[in-house]
Amino acid sequence: MVGVLLYVVAFSLPGLLSWRWFGATADFPVTSALVAIGLMGGGLAGSGGVVRRMVWGVLSFLAFGLNVALAVSYYTIGRTYTDSFFHHIRPDFFLAGFTEHAGMLAIGAVALVTSVVSYLWITRRSGAVPRGWPAFLLVALAWPPLTDLTSYAATAYGYGHPGGLVARLAGIGPFKDWPLPASVEDPARVTLAGRKNLVVIYTESVEKSFYDLPNFAELTPNLRRLREGSLDFTHIRQATGVGWTIAGIVTSQCGIPLLDNLVLNPITGLSQVAFRYQATMARATCLGDILKANGYRNLWIAGTDLWFGGKREFLNYHGLEQQIGAEEITAAFTAEGKTAPRSSWGYYDSTIFPLAQQHFEEMSKQATPFAIFILTMDTHHPKPLPSPDCPAFDPDPMRQAIACTDRNVSQFISAIENSPAGANTLIVVASDHVAHRTSQSEGLPPLDQRFNTFYVRGTSLPPRAIGEDGTNLDIAATLIDLLGGGPQIIGAGQSLMRGPGFLAATGVTNDRAYFLSPAWCKRLIDLWSARPEQQGP
């Protein structure tokens, strides 16, 4: 009896944790317990001895793996399977922020060992077979680790809804084919007449809700003040393929969603999954390419490791050859005999912004224009890590991290605007994506009612709110327009200064279906391929 109880509890533990703390519904642990009883019955029933136990043991192990996978999705992003979850099934995901997740990894390891040992112990003994055990296995038809995976596969590969999967596999979809837009292909053909410097600050997960909702307003007084004096784009919806950091970066700079080969072509894409970042959107024409073609010196600076998520490869291919990440900061500090606090994710924002200000001052001494892109880290989910030198504001780590971001970003912007080069600089504040699961998730609206942050400051830009319907796809084209490049289509984005975003103007209501249409699938797969001259920077 003890062995049976240990097995059922260990098997169900991922579901129990997900239900109690990470936002899953109660059917996850309940159906897991019932499936565990069915798997145990299969191992005890019938004949076959060792072979039978091995077969059912393998099924039990695989089923436990599905339990863990769904639990990881809830733990990291607070909801079931998404593109973000599958995009992060890579070795660097488990290396980045390891110590922050060590406790959950230890619990998972203990549950795995307990389930395997207890299962082997139960099935090696000739115990009583649970009555009606096959019926318990039928519960798998309503078991979230399986049903949610099936639903995701049907939706992800089926033009945005389950029914489309059959049509796609049968070659009779999509339900509408869309022509490709006449987007910019040669960056040298776009002239940025304004010659203004550009500073782009990606505030990790700090979506528009943290500015607007009363329960968060006290955390962002300085950012709200800055936004009120800016060109504020108030309706930046999150398009498909945008819900994680590298996806938000790629989409906002290239106007292209980060749908990789596994989604675009599930058969041939499988062979490319492990190495798909070697040419991240290499053939796309992105903001960095256009800046470089116009003589800009481009710098990327972040406290995280650039290898995580394929950021280094993307930056190398798109005009941002000067890069500063955790490794570069460590090397520079070591050479200078300096130290700075850091977490397992990287250096805190309070270290990054002074470095960014230093580089801004150095780059502004030269005659050629420049662009600096900054990625913050303090508010990263699921366990934010506020800069330790921030004044104590709130015991909750997410609220403290947001308050720190408010201080760090506003002080940096103030320093830039008060510098000699400030009058000739556009400053952009944008969220990379809307927030995932944190301690403050319950205070946020439903996902479809949330918007990304995007506002631009400059002496030549009169403050006003622009309510055009747009997405992250339109950010690059909007910035090109503000820099004097005129109305351009960048990927599937267009300037919000001249009307609604590209998808809204085109009449696209299902952007997943739009980008999985045959013409776009072919185009996106081509964009993943390296150019002949780009076989590895």
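This text follows the structure it describes.
What you are looking at is a predicted structure, and each value in this text was computed from that prediction instead of being measured.

Counted according to the given criterion, the structure contains 15 salt bridges. Close ionic contact of Asp-83 with Arg-512 constitutes a salt bridge, the shortest N to O distance being 2.4 Å. Separated by 429 residues along the polypeptide, Asp-83 in helix α4 (residues 83-87) and Arg-512 in helix α22 (residues 511-515) bring together distant segments of the chain. Arg-512 shares its class with Asp-83; the two are buried. Its salt-bridge partner being Arg-312, residue Glu-328 comes within 3.1 Å of it at the nearest N-O pair. With Glu-328 in helix α17 (residues 326-336) and Arg-312 in helix α16 (residues 311-317), this pair connects stretches of sequence that are 16 residues apart. For Glu-328, a relative accessible area of 25% puts it in the partly exposed group.

All right, on to helix α13 (residues 245-254) then. Counted residue by residue, α13 has 10 buried out of 10 residues, so it is predominantly covered. Looking at α13, one finds that the buried residues are Thr-245, Ile-246, Ala-247, Gly-248, Ile-249, Val-250, Thr-251, Ser-252, Gln-253 and Cys-254. Gly-255 occupies a position one or two residues after α13 and carries a positive phi of about 70°.

In this section: the side chain of Asp-232. With respect to the element layout, Asp-232 can be found in strand β2 (residues 231-233). A residue is classified by how much of its surface remains accessible, and Asp-232, at 9% relative accessible area, is buried. Aside from chain neighbours lying at most four places away, what touches Asp-232 is Arg-227, Phe-454, Tyr-455, Arg-464, Ala-465 and Ile-466.

Looking at helix α12 (residues 221-228), one finds that the buried residues are Leu-223, Leu-226 and Arg-227. Angular distribution of buried residues about the axis of α12 spans 100°; they occupy a single face of the element. Looking at the buried residues of α12, the elements they touch are α10 (209-212), β2, α19 (397-417) and β8 (454-457).

This part takes up the packing of aromatic side chains. Summed over the entire model, instances satisfying the criterion amount to 19 aromatic pairs. Pairing Phe-308 with Trp-345 gives two aromatic rings, centres 5.6 Å apart and planes at 75°, and the pair type is edge-to-face. Taken together, the positions of Phe-308 in the loop between β4 (297-302) and α16 and Trp-345 in the loop between α17 and α18 (349-363) put the pair 37 residues apart, joining distant regions of the chain. Like Phe-308, the residue Trp-345 is buried in the burial classification. Three or more aromatic residues joined by ring pairs form one cluster here, namely Trp-178, Phe-502, Tyr-514, Phe-515 and Trp-520. A cation over an aromatic ring shows up here: Arg-342 above the ring of Tyr-347, its NZ or CZ 5.0 Å from the ring centre.

Turning to unusual backbone geometry, a few remarks are in order. Looking along the chain, the bond that leaves His-381 and enters Pro-382 is cis, with omega of -10°. Its place among the elements puts Pro-382 in the loop between β6 (370-375) and α19. A positive phi angle is found at Arg-195, which is not glycine, with a value near 55°. Among the secondary structure elements, Arg-195 is positioned in the loop between α9 (163-170) and β1 (197-203). Among the residues examined, Arg-195 registers a relative accessible area of 36% and is labelled partly exposed. Non-glycine residue Ser-205 carries a positive phi angle of around 65°. The class of Ser-205 is buried, set by a relative accessible area of 1%.

The next point concerns the pairing of β8. Here β8 shows a buried face lined by Phe-454 and Val-456 and a second buried face lined by Tyr-455 and Arg-457. Summarising the sheet, β2 and β8 pair through two bridges and their orientation is antiparallel. Bridge pairing in β8 links Asp-232 to Tyr-455. Pairing between strand β7 (residues 425-431) and β8: four bridges, direction antiparallel. Across the sheet, Val-428 pairs through a bridge with Val-456, a residue of β8.

The description of two helices packed together rests on the angle between their axes and the distance between the axes. One way to put it is that α12 packs onto α19 with a least axis distance of 8 Å and a crossing angle of 40°. The angle between α12 and α19 places the two elements in the oblique class. Between α12, through Pro-221, Asn-222, Leu-223 and Leu-226, and α19, the contact on the second element is made entirely by Asp-406, Val-409, Ser-410 and Ile-413. Taken together, the residues that form the contact of α12 with α19 break down as five nonpolar, two polar and one charged.

Structurally, a disulfide amounts to a covalent bond that connects the sulfur atoms of two cysteines. A full pass over the atoms with the stated rule returns two disulfides. Residue pairing for Cys-390: its cysteine sulfur links by disulfide to Cys-404, the two sulfurs lying 2.4 Å apart. Separated by 14 residues along the polypeptide, Cys-390 in the loop between β6 and α19 and Cys-404 in helix α19 bring together distant segments of the chain. In terms of burial, Cys-390 and Cys-404 fall into one category: buried. In the protein chain, the bonded cysteines, numbered by position in the sequence, are linked as 1-2, 3-4.

What follows deals with the environment of Pro-463. Mapped onto the secondary structure, Pro-463 falls in the loop between β8 and β9 (464-466). The spacing of Pro-463 and Leu-226 is 237 residues in sequence and 9.9 Å in space, taken between C-alpha atoms. Every residue in contact with Pro-463, bar those within four places of it in the chain, is listed here: Glu-228, Gly-229 and Ser-230.

Where α18 meets α19, the axes come as close as 10 Å, and the angle between the chain directions of the two elements is 10°. One way to sum up the angle between α18 and α19 is to call them roughly parallel. When α18 is examined against α19, the residues Asp-349, Ser-350, Phe-353, Ala-356, Gln-357 and Phe-360 are found in contact with a partner set consisting of Thr-405, Arg-407, Asn-408, Val-409, Phe-412, Ala-415 and Ile-416. The residue makeup of the contact of α18 with α19, split by class, is seven nonpolar, four polar and two charged.

With that settled, the discussion passes to the sheet that holds β1. The eight strands lie next to each other as β5-β4-β6-β1-β7-β8-β2-β9, forming an open sheet whose pairing is mixed. The sheet terminates laterally at β5 (322-324) and β9, the two strands that pair on one side only. Sheet twist, expressed as the mean angle between neighbouring strand axes with direction ignored, is 15°. Bridge count between β1 and β6: five bridges; the pairing is parallel. Among the inter-strand pairings, Ile-201 is bridged to a residue of β6, identified as Ile-374.

About the criteria used
Position labels on residues start from 1 in each chain and follow its written sequence. In keeping with the predicted nature of the model, local features appear solely for residues at pLDDT of at least 70, side-chain atom pairs appear and are counted solely at 80 or more, and the whole-chain, interface and lining totals rest on all residues. Each side-chain value is derived from all of the structure's non-hydrogen atoms; neither hydrogens nor water enter the calculation. Counted as salt bridges are all cases of a side-chain nitrogen of Lys or Arg within 4 Å of a carboxyl oxygen of Asp or Glu. The helix and strand labels rest on DSSP assignments: H or I over at least four residues marks a helix, E over at least two residues marks a strand, and numbering proceeds from the N terminus. Each residue is placed in one exposure class: buried if its accessible area under a 1.4 Å probe, protein chains only, is under 20% of its type's maximum, exposed if it is over 50%, and partly exposed if it falls in between. Residues count as neighbours in contact if any of their non-hydrogen atoms are within 4.5 Å of one another. Along the arc lie the directions from the helix axis toward the C-beta atoms. When two rings of Phe, Tyr or Trp (its six-membered ring) have centres within 6.5 Å they constitute a pair, described as stacked for plane angles under 30 degrees, edge-to-face for angles over 60, and tilted for the intermediate range. We call a charge positioned above a ring when the Lys NZ or Arg CZ atom is no farther than 6 Å from the ring centre and deviates by at most 35 degrees from the ring normal. Here, any two strands with at least 2 DSSP bridges between them count as paired. Simply put, an axis is a line fit to the C-alpha atoms, just over the touching stretch for a helix, and the angle between two N-to-C directions goes from 0 to 180 degrees. For classification, angles of less than 35 degrees are called roughly parallel, those exceeding 145 degrees roughly antiparallel, those between 65 and 115 degrees roughly perpendicular, and all remaining angles oblique. Throughout this entry, Asp, Glu, Lys and Arg are counted as charged residues, while Ala, Val, Leu, Ile, Met, Phe, Trp, Tyr, Cys and Pro are counted as nonpolar. The remaining residues, Gly among them, count as polar. Two cysteine sulfurs form what is called a disulfide whenever their separation falls within 2.5 Å.

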